[in-house]
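Listed here are the chains, written in short residue letters.
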Amino acid sequence: MPEPKVASFPAIRGALKFYQIASIITGVMLLLLVAEMVLKYTPIRLELFAGGSGGLLWFAPVVEGPEGLESTGDGLNISLSILVAHGWFYVVYLFACFRMWSLMRWPFLRFILLALGGVIPLLSFFMEAIVARDVKAYLASREAAAASAPATEGVR
């Protein structure tokens, strides 16, 4: 595989920062989504609401209706908001993964693994640490090699 050009290193650093932020936000949103799904789809059967008849923040029961599970709460459905926010931010996360992958010129399988970080709980946190370590080490080694190359040419 071709290696990234030294001229693209500033763009890689920016893409890495964007990826790190996006992966942390996506990971947190995914954990909130998992908690919301556990509350709603297990025997607990609750949804979180803001405002409405229950006050500032409150849980409303979810009941079995003719069309499946139905919420009994009024106000802003925080559970649904978490779902929608994670879905939209996952698109941002995929863009961050694509940018990182394309600038680093990694194999396509690595992009798939990065993308899975937004749908497998906790994976985005591990991938963020691995990618940050790998990219920073790669950039440091390439810059060190580029800095020492002119010094060794004049020795002959």
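Scroll up a little and you will see the structure.
J.: It is not clear to me how the pairing of strand E1 (residues 46-50) should be interpreted in this structure. Could you clarify?
T.: The side chains of a regular strand alternate between both faces of the sheet. The alternating pattern of E1 places Glu47 and Phe49 on a buried face and Leu46, Leu48 and Ala50 on a face that is not buried. When E1 meets strand E2 (residues 57-65), the two strands line up antiparallel, connected through five bridges. From the neighbouring strand, Glu47 faces E2, where its bridge partner is Ala60. With two bridges joining them, E1 and strand E4 (residues 76-77) adopt antiparallel strand pairing. When the bridges of E4 are listed, Ala50 appears paired with Leu76.

J.: So what exactly am I meant to see when it comes to helix H2 (residues 78-104) here?
T.: Along an α-helix, residues three or four apart share an orientation, since each turn contains 3.6 residues. Taking 1.5 Å per residue, 27 residues should reach 39 Å; H2 reaches 38 Å between its end C-alpha atoms and fits that length. N-capping of H2 is provided by Asn77, with a side-chain oxygen placed 3.1 Å from the backbone N of Ser79.

J.: Please clarify how the pattern of salt bridges should be interpreted in this entry.
T.: One side chain can pair with another of opposite charge once the charged atoms of both are near each other. This structure, assessed with the given rule, holds six salt bridges. Linking Arg110 and Asp134 is a salt bridge whose minimum nitrogen-to-oxygen distance equals 3.0 Å. Separated by 24 residues along the polypeptide, Arg110 in helix H3 (residues 108-116) and Asp134 in helix H4 (residues 123-153) bring together distant segments of the chain. Via salt bridges that share partners, Arg110, Arg133 and Asp134 belong to a single interconnected network.

J.: Explain the packing of aromatic side chains to me, please; I cannot follow it from the model alone.
T.: A ring pair, where both rings are aromatic, is described by two values, the distance of the centres and the angle of the planes. Scanning the entire structure with this criterion turns up ten aromatic pairs. On the basis of an interplanar angle of 65° and a centroid distance of 6.4 Å, the ring pair of Phe9 and Tyr138 is categorised as edge-to-face. Residue Phe9 is found in helix H1 (residues 9-41), and its partner Tyr138 is found in helix H4; the two are separated by 129 residues along the sequence. Take Phe9 and Tyr138: they sit in the same class, and that class is buried.

J.: Quick question: what am I supposed to make of the side chain of Arg142 here?
T.: On the secondary structure map, Arg142 appears in helix H4. A distance of 2.5 Å separates polar atoms of two side chains, one belonging to Arg142 and the other to Tyr138. In this structure Arg142 touches Glu3, Pro4, Lys5, Val6 and Phe9, once residues within four positions along its chain are discounted.

Definitions and cut-offs
- Residues numbered from 1 in each chain as written.
- Predicted model: local features only at pLDDT ≥ 70, side-chain atom pairs only at ≥ 80, totals over all residues.
- Heavy atoms only, no water.
- Buried < 20%, exposed > 50% of the residue type's maximum accessible area, 1.4 Å probe, protein only.
- Helix = DSSP H or I, 4+ residues; strand = E, 2+ residues; numbered from the N terminus.
- Pairing = 2+ DSSP bridges.
- Expected span 1.5 Å × (residues − 1).
- Polar contact = N/O pair within 3.5 Å; in protein donor to acceptor, adjacent residues only side chain to side chain.
- Salt bridge = Lys/Arg side-chain N within 4 Å of Asp/Glu carboxyl O.
- Phe/Tyr/Trp six-rings, centres within 6.5 Å; stacked < 30°, edge-to-face > 60°.
- Contact = heavy atoms within 4.5 Å.

Remember that the coordinates give geometry; whether it matters functionally is a separate question.
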